[in-house]
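Architecture at a glance
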Amino acid sequence: MTTFPKETIAAVATPPGKGGVGVIRVSGAKVAHVIRLVLGKSLHARKAHFLPFLDQDGTTIDSGLALFFPAPHSFTGEDVLELHAHGSPVVLDLLMRCILSLGVRMARPGEFSERAFLNDKIDLAQAEAIADLIESSTVQAARSAQRSLQGEFSKLVNTLVEELIHLRLYVEAAIDFVDEEIDFLGEGAIHGRLSELLLRLGQIQRSAKQGCVLRDGLTVVIAGRPNVGKSSLLNCLAGRETAIVTAIAGTTRDLLREYIQIDGMPLHIIDTAGLREGADLVEKEGIRRAREAISHADLVLLMVDDRQSKNGDHLISEWTENLPIVRLRNKIDLTGKEPGMLETDSGVEITLSVKTGAGVETLRQHLKQCAGYDSGAGDVFLARRRHLEALTRAREAVENGLRQLEEYSAPELLAEDLRQAQHALSEITGAFTTEDLLGRVFGSFCIGK
Ligand SMILES: Nc1nc2c(ncn2[C@@H]2O[C@H](COP(=O)(O)OP(=O)(O)OP(=O)(O)O)[C@@H](O)[C@H]2O)c(=O)[nH]1
Ligand SMILES: [Mg+2]
(Lines give C-alpha, C1' and ligand atoms only; values in the text may rest on other atoms or scores of the structure.)
(Ligands and ions follow the chains in the order given, each with its own letter.)
Protein backbone atom coordinates (compact mmCIF):
# COMPACT_ATOMS: atom_id res chain seq x y z
CA MET A 1 0.00 0.00 0.00
CA THR A 2 1.11 3.55 -0.64
CA THR A 3 2.97 5.34 2.15
CA PHE A 4 0.81 7.61 4.22
CA PRO A 5 0.87 11.13 2.73
CA LYS A 6 2.48 13.75 4.95
CA GLU A 7 2.48 16.86 2.83
CA THR A 8 -0.34 19.37 3.00
CA ILE A 9 -1.95 19.98 -0.37
CA ALA A 10 -4.12 22.72 -1.85
CA ALA A 11 -6.01 23.32 -5.10
CA VAL A 12 -8.79 25.39 -6.56
CA ALA A 13 -11.75 23.00 -6.52
CA THR A 14 -14.06 25.00 -8.79
CA PRO A 15 -13.63 25.01 -12.59
CA PRO A 16 -11.23 27.49 -14.20
CA GLY A 17 -12.72 30.81 -15.28
CA LYS A 18 -14.91 33.45 -13.71
CA GLY A 19 -17.88 32.68 -11.49
CA GLY A 20 -19.85 33.85 -8.48
CA VAL A 21 -17.88 31.71 -6.07
CA GLY A 22 -14.49 30.01 -6.25
CA VAL A 23 -13.50 27.36 -3.73
CA ILE A 24 -10.02 26.50 -2.55
CA ARG A 25 -9.48 23.27 -0.69
CA VAL A 26 -6.54 22.57 1.63
CA SER A 27 -5.88 19.17 3.23
CA GLY A 28 -3.21 17.97 5.62
CA ALA A 29 -1.44 18.62 8.88
CA LYS A 30 -0.59 22.25 8.10
CA VAL A 31 -4.24 23.32 7.83
CA ALA A 32 -4.20 24.82 11.36
CA HIS A 33 -1.13 26.86 10.37
CA VAL A 34 -2.86 28.09 7.20
CA ILE A 35 -5.95 29.07 9.21
CA ARG A 36 -3.85 31.05 11.68
CA LEU A 37 -1.97 32.98 9.01
CA VAL A 38 -4.60 33.49 6.32
CA LEU A 39 -7.61 34.01 8.59
CA GLY A 40 -5.87 35.34 11.70
CA LYS A 41 -8.10 33.41 14.11
CA SER A 42 -9.13 29.88 14.92
CA LEU A 43 -12.28 28.33 13.49
CA HIS A 44 -15.03 26.20 15.01
CA ALA A 45 -15.31 22.78 13.46
CA ARG A 46 -17.79 22.50 10.57
CA LYS A 47 -19.15 26.04 11.07
CA ALA A 48 -19.23 28.66 8.33
CA HIS A 49 -17.26 31.80 9.23
CA PHE A 50 -17.44 34.95 7.15
CA LEU A 51 -13.94 36.43 7.29
CA PRO A 52 -11.35 38.46 5.39
CA PHE A 53 -8.65 36.32 3.70
CA LEU A 54 -5.27 37.95 4.34
CA ASP A 55 -1.98 37.78 2.53
CA GLN A 56 1.37 37.68 4.33
CA ASP A 57 1.56 41.42 5.04
CA GLY A 58 -1.97 41.49 6.38
CA THR A 59 -3.69 42.99 3.33
CA THR A 60 -7.14 41.62 2.56
CA ILE A 61 -7.16 39.59 -0.67
CA ASP A 62 -10.91 38.90 -0.49
CA SER A 63 -13.60 38.13 2.07
CA GLY A 64 -15.66 34.99 2.08
CA LEU A 65 -16.65 31.84 3.89
CA ALA A 66 -14.17 29.62 5.65
CA LEU A 67 -15.00 26.09 6.75
CA PHE A 68 -12.82 23.84 8.86
CA PHE A 69 -13.30 20.06 8.98
CA PRO A 70 -10.94 18.55 11.55
CA ALA A 71 -9.57 15.02 10.97
CA PRO A 72 -10.89 12.40 10.75
CA HIS A 73 -14.34 13.81 9.98
CA SER A 74 -13.52 15.28 6.59
CA PHE A 75 -13.61 14.20 2.97
CA THR A 76 -9.93 13.17 2.96
CA GLY A 77 -9.85 12.02 6.59
CA GLU A 78 -7.23 14.74 7.27
CA ASP A 79 -7.71 18.31 8.52
CA VAL A 80 -9.46 20.13 5.67
CA LEU A 81 -10.01 23.84 5.11
CA GLU A 82 -12.33 25.24 2.48
CA LEU A 83 -12.20 28.88 1.48
CA HIS A 84 -15.15 30.16 -0.54
CA ALA A 85 -13.93 33.32 -2.21
CA HIS A 86 -15.31 35.28 -5.16
CA GLY A 87 -14.85 33.32 -8.36
CA SER A 88 -12.20 35.56 -9.87
CA PRO A 89 -9.16 33.78 -11.33
CA VAL A 90 -6.94 36.63 -10.04
CA VAL A 91 -8.30 36.42 -6.48
CA LEU A 92 -8.01 32.64 -6.44
CA ASP A 93 -4.49 32.86 -7.82
CA LEU A 94 -3.43 35.34 -5.12
CA LEU A 95 -4.99 33.19 -2.41
CA MET A 96 -3.31 30.05 -3.76
CA ARG A 97 0.08 31.78 -3.89
CA CYS A 98 -0.36 32.88 -0.30
CA ILE A 99 -1.31 29.35 0.85
CA LEU A 100 1.50 27.71 -1.13
CA SER A 101 4.03 30.06 0.51
CA LEU A 102 3.15 28.46 3.87
CA GLY A 103 4.78 25.11 3.11
CA VAL A 104 1.77 23.70 1.29
CA ARG A 105 2.12 22.21 -2.17
CA MET A 106 -0.21 22.14 -5.17
CA ALA A 107 -2.37 18.99 -5.25
CA ARG A 108 -1.99 16.54 -8.12
CA PRO A 109 -5.10 15.55 -10.10
CA GLY A 110 -7.32 13.32 -7.97
CA GLU A 111 -5.11 13.65 -4.91
CA PHE A 112 -7.92 14.63 -2.51
CA SER A 113 -9.90 11.55 -3.56
CA GLU A 114 -6.76 9.44 -3.36
CA ARG A 115 -6.23 10.53 0.24
CA ALA A 116 -9.87 9.81 1.02
CA PHE A 117 -9.27 6.29 -0.34
CA LEU A 118 -5.98 5.80 1.53
CA ASN A 119 -7.66 6.93 4.76
CA ASP A 120 -10.53 4.48 4.25
CA LYS A 121 -13.16 7.18 3.79
CA ILE A 122 -14.25 5.71 0.48
CA ASP A 123 -13.26 2.65 -1.52
CA LEU A 124 -11.80 2.68 -4.99
CA ALA A 125 -15.10 2.18 -6.83
CA GLN A 126 -16.56 5.11 -4.91
CA ALA A 127 -13.56 7.31 -5.70
CA GLU A 128 -14.06 6.51 -9.37
CA ALA A 129 -17.76 7.29 -9.03
CA ILE A 130 -16.88 10.84 -7.92
CA ALA A 131 -14.98 11.41 -11.16
CA ASP A 132 -17.76 9.75 -13.16
CA LEU A 133 -20.45 11.86 -11.51
CA ILE A 134 -18.55 15.02 -12.40
CA GLU A 135 -18.00 13.83 -15.97
CA SER A 136 -21.50 12.41 -16.50
CA SER A 137 -23.21 13.70 -19.62
CA THR A 138 -26.72 12.29 -19.16
CA VAL A 139 -29.20 12.27 -16.29
CA GLN A 140 -29.11 8.47 -16.22
CA ALA A 141 -25.31 8.47 -16.00
CA ALA A 142 -25.38 10.96 -13.12
CA ARG A 143 -27.97 8.89 -11.24
CA SER A 144 -25.97 5.71 -11.74
CA ALA A 145 -22.74 7.37 -10.64
CA GLN A 146 -24.54 8.58 -7.52
CA ARG A 147 -25.59 4.99 -6.80
CA SER A 148 -21.98 3.81 -7.07
CA LEU A 149 -20.81 6.73 -4.95
CA GLN A 150 -23.22 5.78 -2.21
CA GLY A 151 -21.60 2.37 -2.22
CA GLU A 152 -24.29 0.23 -3.83
CA PHE A 153 -21.89 -1.32 -6.33
CA SER A 154 -19.25 -1.89 -3.65
CA LYS A 155 -21.83 -3.49 -1.36
CA LEU A 156 -22.77 -6.03 -4.03
CA VAL A 157 -19.12 -6.80 -4.70
CA ASN A 158 -18.35 -7.09 -0.99
CA THR A 159 -21.19 -9.57 -0.44
CA LEU A 160 -19.67 -11.77 -3.13
CA VAL A 161 -16.22 -11.43 -1.57
CA GLU A 162 -17.68 -12.54 1.80
CA GLU A 163 -19.28 -15.54 0.17
CA LEU A 164 -15.98 -16.41 -1.51
CA ILE A 165 -14.18 -16.23 1.83
CA HIS A 166 -16.75 -18.59 3.37
CA LEU A 167 -16.42 -20.97 0.47
CA ARG A 168 -12.65 -20.92 0.70
CA LEU A 169 -12.78 -21.76 4.42
CA TYR A 170 -15.18 -24.59 3.67
CA VAL A 171 -13.08 -26.02 0.85
CA GLU A 172 -9.86 -25.69 2.81
CA ALA A 173 -11.45 -27.44 5.76
CA ALA A 174 -12.45 -30.25 3.42
CA ILE A 175 -8.84 -30.54 2.26
CA ASP A 176 -7.51 -30.57 5.83
CA PHE A 177 -10.02 -33.09 7.13
CA VAL A 178 -9.91 -35.41 4.19
CA ASP A 179 -10.11 -38.50 6.44
CA GLU A 180 -13.22 -37.38 8.27
CA GLU A 181 -16.36 -39.34 7.68
CA ILE A 182 -18.30 -36.44 6.36
CA ASP A 183 -17.52 -35.80 2.75
CA PHE A 184 -17.76 -32.01 2.55
CA LEU A 185 -17.32 -31.74 -1.16
CA GLY A 186 -19.46 -34.70 -2.09
CA GLU A 187 -22.52 -33.31 -0.40
CA GLY A 188 -23.57 -31.15 -3.29
CA ALA A 189 -23.88 -28.14 -1.03
CA ILE A 190 -20.70 -26.60 -2.33
CA HIS A 191 -21.83 -27.20 -5.86
CA GLY A 192 -25.06 -25.34 -5.20
CA ARG A 193 -23.28 -22.42 -3.58
CA LEU A 194 -20.86 -22.12 -6.49
CA SER A 195 -23.73 -22.12 -8.98
CA GLU A 196 -25.55 -19.48 -6.94
CA LEU A 197 -22.38 -17.39 -6.84
CA LEU A 198 -22.04 -17.63 -10.62
CA LEU A 199 -25.64 -16.52 -11.02
CA ARG A 200 -25.07 -13.44 -8.88
CA LEU A 201 -21.79 -12.65 -10.63
CA GLY A 202 -23.68 -12.81 -13.92
CA GLN A 203 -26.30 -10.36 -12.66
CA ILE A 204 -23.68 -7.86 -11.50
CA GLN A 205 -21.85 -8.27 -14.79
CA ARG A 206 -24.99 -7.40 -16.76
CA SER A 207 -25.66 -4.37 -14.62
CA ALA A 208 -22.02 -3.24 -14.83
CA LYS A 209 -22.05 -3.66 -18.59
CA GLN A 210 -24.99 -1.28 -18.84
CA GLY A 211 -23.16 1.08 -16.50
CA CYS A 212 -20.15 0.96 -18.80
CA VAL A 213 -22.29 1.86 -21.82
CA LEU A 214 -23.82 4.72 -19.85
CA ARG A 215 -20.40 6.02 -18.94
CA ASP A 216 -18.50 5.61 -22.18
CA GLY A 217 -21.21 5.42 -24.81
CA LEU A 218 -21.15 3.02 -27.73
CA THR A 219 -19.04 3.87 -30.77
CA VAL A 220 -21.03 3.09 -33.90
CA VAL A 221 -19.49 3.45 -37.37
CA ILE A 222 -21.62 3.74 -40.51
CA ALA A 223 -19.83 2.12 -43.43
CA GLY A 224 -20.64 1.03 -46.98
CA ARG A 225 -20.20 1.87 -50.65
CA PRO A 226 -20.51 5.49 -51.82
CA ASN A 227 -23.97 7.00 -52.23
CA VAL A 228 -25.92 4.39 -50.26
CA GLY A 229 -27.17 6.95 -47.72
CA LYS A 230 -24.63 6.83 -44.84
CA SER A 231 -24.47 10.58 -44.30
CA SER A 232 -28.25 10.79 -44.59
CA LEU A 233 -28.50 8.29 -41.74
CA LEU A 234 -26.06 10.29 -39.59
CA ASN A 235 -28.15 13.41 -40.11
CA CYS A 236 -31.33 11.53 -39.38
CA LEU A 237 -30.04 10.03 -36.10
CA ALA A 238 -28.46 13.32 -35.01
CA GLY A 239 -31.59 15.26 -35.88
CA ARG A 240 -29.63 17.93 -37.73
CA GLU A 241 -27.86 18.47 -41.03
CA THR A 242 -24.31 17.70 -39.91
CA ALA A 243 -23.08 15.97 -43.03
CA ILE A 244 -23.29 17.11 -46.63
CA VAL A 245 -25.61 14.86 -48.61
CA THR A 246 -25.56 14.84 -52.42
CA ALA A 247 -26.36 12.40 -55.17
CA ILE A 248 -22.67 12.39 -56.12
CA ALA A 249 -20.79 9.27 -55.07
CA GLY A 250 -17.79 10.17 -52.92
CA THR A 251 -19.34 13.17 -51.15
CA THR A 252 -17.99 12.33 -47.69
CA ARG A 253 -14.24 12.20 -47.31
CA ASP A 254 -13.49 13.07 -43.70
CA LEU A 255 -14.79 11.20 -40.69
CA LEU A 256 -17.80 12.97 -39.24
CA ARG A 257 -18.64 12.45 -35.59
CA GLU A 258 -21.87 13.10 -33.77
CA TYR A 259 -22.70 12.50 -30.14
CA ILE A 260 -26.31 11.50 -29.71
CA GLN A 261 -28.57 9.86 -27.14
CA ILE A 262 -31.20 7.21 -27.64
CA ASP A 263 -33.51 7.24 -24.61
CA GLY A 264 -30.61 8.33 -22.44
CA MET A 265 -28.05 5.95 -23.93
CA PRO A 266 -25.04 7.87 -25.22
CA LEU A 267 -23.78 7.00 -28.71
CA HIS A 268 -20.81 8.23 -30.70
CA ILE A 269 -21.78 7.91 -34.34
CA ILE A 270 -19.14 8.17 -37.04
CA ASP A 271 -19.98 8.65 -40.70
CA THR A 272 -17.26 7.56 -43.11
CA ALA A 273 -16.20 7.91 -46.73
CA GLY A 274 -17.84 5.38 -49.08
CA LEU A 275 -15.60 2.38 -49.68
CA ARG A 276 -14.56 1.87 -53.30
CA GLU A 277 -11.58 1.24 -55.54
CA GLY A 278 -10.03 3.78 -57.85
CA ALA A 279 -10.80 6.90 -55.81
CA ASP A 280 -8.67 10.05 -56.03
CA LEU A 281 -5.98 10.93 -53.49
CA VAL A 282 -8.28 12.74 -51.05
CA GLU A 283 -10.92 10.06 -51.14
CA LYS A 284 -8.28 7.34 -50.73
CA GLU A 285 -7.18 9.00 -47.48
CA GLY A 286 -10.85 9.17 -46.44
CA ILE A 287 -11.20 5.45 -47.09
CA ARG A 288 -8.06 4.74 -45.06
CA ARG A 289 -9.56 6.70 -42.16
CA ALA A 290 -12.87 4.90 -42.58
CA ARG A 291 -11.12 1.57 -42.22
CA GLU A 292 -9.32 2.72 -39.13
CA ALA A 293 -12.59 3.95 -37.57
CA ILE A 294 -14.22 0.61 -38.37
CA SER A 295 -11.46 -1.32 -36.67
CA HIS A 296 -12.00 0.68 -33.44
CA ALA A 297 -15.81 0.52 -33.49
CA ASP A 298 -18.03 -1.22 -30.93
CA LEU A 299 -20.53 -1.82 -33.71
CA VAL A 300 -20.59 -1.33 -37.49
CA LEU A 301 -23.69 -0.37 -39.42
CA LEU A 302 -22.95 -1.79 -42.84
CA MET A 303 -25.22 -0.08 -45.32
CA VAL A 304 -26.18 -1.10 -48.85
CA ASP A 305 -28.64 0.30 -51.36
CA ASP A 306 -31.58 -2.13 -51.41
CA ARG A 307 -31.51 -2.04 -55.20
CA GLN A 308 -28.16 -3.88 -55.08
CA SER A 309 -28.15 -7.59 -54.45
CA LYS A 310 -24.86 -7.91 -52.55
CA ASN A 311 -24.89 -7.44 -48.80
CA GLY A 312 -21.66 -5.43 -48.69
CA ASP A 313 -19.74 -7.83 -46.49
CA HIS A 314 -16.94 -8.18 -49.01
CA LEU A 315 -16.18 -4.48 -48.44
CA ILE A 316 -15.12 -4.84 -44.87
CA SER A 317 -14.75 -8.53 -44.14
CA GLU A 318 -10.93 -8.52 -44.04
CA TRP A 319 -10.66 -6.24 -41.03
CA THR A 320 -13.80 -6.78 -39.07
CA GLU A 321 -13.31 -10.21 -37.61
CA ASN A 322 -15.26 -10.55 -34.35
CA LEU A 323 -16.76 -7.10 -34.81
CA PRO A 324 -20.53 -6.88 -34.33
CA ILE A 325 -22.15 -5.84 -37.61
CA VAL A 326 -25.73 -4.80 -38.25
CA ARG A 327 -26.63 -4.82 -41.94
CA LEU A 328 -28.83 -2.05 -43.27
CA ARG A 329 -30.69 -2.19 -46.59
CA ASN A 330 -31.53 1.44 -47.33
CA LYS A 331 -33.77 3.18 -49.89
CA ILE A 332 -36.65 0.71 -49.66
CA ASP A 333 -38.90 3.57 -50.84
CA LEU A 334 -37.39 2.80 -54.26
CA THR A 335 -37.84 -0.96 -54.11
CA GLY A 336 -41.19 -1.12 -52.34
CA LYS A 337 -39.90 -3.48 -49.65
CA GLU A 338 -41.49 -3.37 -46.17
CA PRO A 339 -39.42 -1.89 -43.34
CA GLY A 340 -38.38 -4.32 -40.65
CA MET A 341 -35.78 -6.51 -39.06
CA LEU A 342 -34.59 -9.91 -40.16
CA GLU A 343 -32.34 -12.44 -38.42
CA THR A 344 -30.12 -13.93 -41.10
CA ASP A 345 -27.27 -16.44 -40.88
CA SER A 346 -24.78 -13.61 -40.87
CA GLY A 347 -26.63 -11.55 -38.27
CA VAL A 348 -29.33 -8.94 -38.07
CA GLU A 349 -30.47 -7.10 -41.20
CA ILE A 350 -32.72 -4.04 -41.05
CA THR A 351 -34.56 -2.76 -44.09
CA LEU A 352 -35.28 0.94 -43.96
CA SER A 353 -35.60 4.18 -45.82
CA VAL A 354 -33.71 7.07 -44.32
CA LYS A 355 -35.59 9.32 -46.72
CA THR A 356 -39.09 8.44 -45.47
CA GLY A 357 -37.97 7.40 -41.96
CA ALA A 358 -39.54 3.94 -42.32
CA GLY A 359 -37.58 1.42 -40.23
CA VAL A 360 -35.40 4.04 -38.51
CA GLU A 361 -37.13 3.49 -35.15
CA THR A 362 -36.44 -0.25 -35.46
CA LEU A 363 -32.77 0.58 -35.91
CA ARG A 364 -32.75 2.88 -32.86
CA GLN A 365 -34.34 0.22 -30.68
CA HIS A 366 -31.95 -2.41 -32.02
CA LEU A 367 -28.94 -0.22 -31.16
CA LYS A 368 -30.19 -0.08 -27.58
CA GLN A 369 -30.59 -3.82 -27.55
CA CYS A 370 -27.07 -4.35 -28.93
CA ALA A 371 -25.65 -2.32 -26.07
CA GLY A 372 -27.68 -4.30 -23.54
CA TYR A 373 -29.27 -1.01 -22.55
CA ASP A 374 -32.60 -0.82 -20.80
CA SER A 375 -33.71 2.73 -20.08
CA GLY A 376 -36.25 1.45 -17.55
CA ALA A 377 -33.69 -0.48 -15.48
CA GLY A 378 -33.51 1.11 -12.07
CA ASP A 379 -30.54 -0.54 -10.44
CA VAL A 380 -27.74 0.34 -12.85
CA PHE A 381 -24.55 1.67 -11.33
CA LEU A 382 -21.93 3.42 -13.36
CA ALA A 383 -19.05 1.07 -14.06
CA ARG A 384 -15.75 1.17 -15.84
CA ARG A 385 -14.08 -1.29 -18.17
CA ARG A 386 -11.67 -2.04 -15.34
CA HIS A 387 -14.62 -3.28 -13.25
CA LEU A 388 -16.02 -5.37 -16.08
CA GLU A 389 -12.65 -6.96 -16.65
CA ALA A 390 -12.32 -7.83 -12.96
CA LEU A 391 -15.84 -9.29 -12.88
CA THR A 392 -15.04 -11.40 -15.94
CA ARG A 393 -11.85 -12.70 -14.35
CA ALA A 394 -13.73 -13.56 -11.16
CA ARG A 395 -16.41 -15.37 -13.10
CA GLU A 396 -13.91 -17.34 -15.15
CA ALA A 397 -12.09 -18.38 -11.99
CA VAL A 398 -15.31 -19.60 -10.33
CA GLU A 399 -16.37 -21.43 -13.50
CA ASN A 400 -12.99 -23.05 -13.68
CA GLY A 401 -13.21 -24.03 -10.02
CA LEU A 402 -16.58 -25.62 -10.53
CA ARG A 403 -15.15 -27.63 -13.41
CA GLN A 404 -12.21 -28.80 -11.27
CA LEU A 405 -14.71 -30.03 -8.74
CA GLU A 406 -17.06 -31.72 -11.18
CA GLU A 407 -14.52 -33.31 -13.48
CA TYR A 408 -11.55 -34.03 -11.28
CA SER A 409 -12.87 -33.72 -7.72
CA ALA A 410 -9.84 -31.52 -7.12
CA PRO A 411 -10.52 -29.35 -4.06
CA GLU A 412 -6.95 -27.97 -4.04
CA LEU A 413 -7.44 -26.52 -7.50
CA LEU A 414 -10.88 -25.23 -6.59
CA ALA A 415 -9.39 -23.49 -3.54
CA GLU A 416 -6.85 -21.73 -5.75
CA ASP A 417 -9.56 -20.65 -8.22
CA LEU A 418 -11.65 -19.23 -5.40
CA ARG A 419 -8.62 -17.31 -4.14
CA GLN A 420 -8.14 -15.81 -7.60
CA ALA A 421 -11.82 -14.89 -7.86
CA GLN A 422 -11.66 -13.13 -4.49
CA HIS A 423 -8.52 -11.30 -5.58
CA ALA A 424 -10.15 -10.09 -8.81
CA LEU A 425 -13.25 -8.80 -7.02
CA SER A 426 -11.18 -7.08 -4.36
CA GLU A 427 -9.44 -5.06 -7.05
CA ILE A 428 -12.76 -3.36 -7.80
CA THR A 429 -13.11 -1.86 -4.35
CA GLY A 430 -9.37 -1.48 -3.90
CA ALA A 431 -8.97 -3.96 -1.05
CA PHE A 432 -6.13 -5.30 -3.20
CA THR A 433 -4.34 -2.65 -5.22
CA THR A 434 -1.02 -1.87 -6.78
CA GLU A 435 0.69 1.50 -7.09
CA ASP A 436 0.24 1.19 -10.83
CA LEU A 437 -3.54 0.74 -10.56
CA LEU A 438 -3.88 3.69 -8.16
CA GLY A 439 -1.80 5.86 -10.48
CA ARG A 440 -4.04 4.97 -13.40
CA VAL A 441 -7.29 5.56 -11.50
CA PHE A 442 -6.44 8.84 -9.79
CA GLY A 443 -4.26 10.24 -12.58
CA SER A 444 -7.32 10.60 -14.79
CA PHE A 445 -9.12 12.86 -12.27
CA CYS A 446 -9.14 16.63 -12.53
CA ILE A 447 -7.26 18.88 -10.12
CA GLY A 448 -9.06 19.74 -6.89
CA LYS A 449 -11.02 16.48 -6.73
N1 LIG B 1 -34.72 7.43 -52.35
C2 LIG B 1 -33.88 7.50 -51.33
N3 LIG B 1 -32.79 8.22 -51.43
C4 LIG B 1 -31.94 8.27 -50.38
C5 LIG B 1 -32.21 7.58 -49.17
N6 LIG B 1 -31.18 7.82 -48.32
C7 LIG B 1 -30.32 8.63 -48.95
N8 LIG B 1 -30.78 8.91 -50.22
C9 LIG B 1 -30.13 9.72 -51.24
O10 LIG B 1 -28.96 9.07 -51.68
C11 LIG B 1 -27.97 10.02 -52.07
C12 LIG B 1 -26.68 9.76 -51.33
O13 LIG B 1 -26.88 9.97 -49.94
P14 LIG B 1 -25.68 10.22 -48.92
O15 LIG B 1 -26.28 10.22 -47.58
O16 LIG B 1 -24.88 11.38 -49.35
O17 LIG B 1 -24.87 8.88 -49.18
P18 LIG B 1 -23.44 8.46 -48.61
O19 LIG B 1 -23.49 6.99 -48.40
O20 LIG B 1 -23.09 9.30 -47.45
O21 LIG B 1 -22.50 8.77 -49.83
P22 LIG B 1 -20.92 9.08 -49.84
O23 LIG B 1 -20.64 10.15 -48.85
O24 LIG B 1 -20.65 9.50 -51.21
O25 LIG B 1 -20.22 7.81 -49.51
C26 LIG B 1 -28.57 11.39 -51.74
O27 LIG B 1 -29.10 11.92 -52.94
C28 LIG B 1 -29.65 11.07 -50.75
O29 LIG B 1 -30.71 12.02 -50.77
C30 LIG B 1 -33.41 6.82 -49.10
O31 LIG B 1 -33.75 6.19 -48.10
N32 LIG B 1 -34.20 6.80 -50.20
MG1 LIG C 1 -21.58 10.57 -47.12
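Residues numbered from 1 in each chain as written. Chains lettered and ligands numbered in written order. Predicted model: local features only at pLDDT ≥ 70, side-chain atom pairs only at ≥ 80, totals over all residues. Heavy atoms only, no water.

The name given to the chain in an unreviewed UniProt entry is tRNA modification GTPase MnmE, with the source organism recorded as Candidatus Methylumidiphilus alinenensis. The Sequence similarities (unreviewed entry) field of the UniProt record for the chain holds the comment "Belongs to the TRAFAC class TrmE-Era-EngA-EngB-Septin-like GTPase superfamily. TrmE GTPase family." (UniProt positions renumbered as here; feature names shortened; annotations may be inferred.)

1. Thoughts on the coordination of the magnesium ion (ligand 2)
Only Ser-231 (OG) and Thr-252 (OG1) from the protein reach the magnesium ion (ligand 2) as donors, at distances of 2.0 Å. A residue pair is termed long-range when its members are at least 10 positions apart, and Ser-231 in helix α8 (residues 230-238) and Thr-252 in the loop between α8 and β8 (256-262) qualify at 21 residues. For the pair Ser-231 and Thr-252, a shared accessibility class is recorded, and that class is buried. (Donors = N, O, S within 2.8 Å, 3.2 Å for Na, K, Ca; no water. Helix = DSSP H or I, 4+ residues; strand = E, 2+ residues; numbered from the N terminus. Buried < 20%, exposed > 50% of the residue type's maximum accessible area, 1.4 Å probe, protein only.)

2. Let's talk about the pattern of salt bridges
Under the criterion given, the structure shown has 31 salt bridges. A salt bridge links Glu-78 to Arg-115, with the shortest nitrogen-to-oxygen separation between them at 3.1 Å. Note that Glu-78 is positioned in the loop between β4 (60-69) and β5 (80-87) and Arg-115 in helix α3 (residues 111-118), a separation of 37 residues in sequence. Looking at Glu-78, the relative accessible area reads 8%, which means it is buried. Taking relative accessible area as the criterion, Arg-115 reaches 1% and is therefore assigned buried. A salt bridge links Arg-240 to Glu-258; the nearest nitrogen and oxygen atoms lie 2.7 Å apart. Placement of the pair is Arg-240 in the loop between α8 and β8 and Glu-258 in strand β8, with a sequence separation of 18 residues. Overall, the relative accessible area of 9% leaves Glu-258 in the buried class. One network of salt bridges, with partners in common, ties together Glu-7, Glu-78, Arg-105, Arg-108, Glu-111, Glu-114 and Arg-115. (Salt bridge = Lys/Arg side-chain N within 4 Å of Asp/Glu carboxyl O.)

3. Focus: the packing of helix α4 (residues 124-135) against helix α15 (residues 435-443)
For the pair α4 and α15, the least separation of the axes is 10 Å and the interaxial angle reads 25°. Judged by the inter-axis angle, α4 sits roughly parallel to α15. Residue-level inspection shows Leu-124, Ala-127 and Glu-128 of α4 in contact with α15, the latter providing Leu-437, Leu-438, Val-441 and Phe-442. Across the contact of α4 with α15, the residue classes break down as six nonpolar, no polar and one charged. (Axes fitted to C-alpha atoms, helices over the stretch in contact; angles between N-to-C directions. Parallel < 35°, antiparallel > 145°, perpendicular 65-115°, else oblique. Contact = heavy atoms within 4.5 Å. Nonpolar A, V, L, I, M, F, W, Y, C, P; charged D, E, K, R; others polar.)

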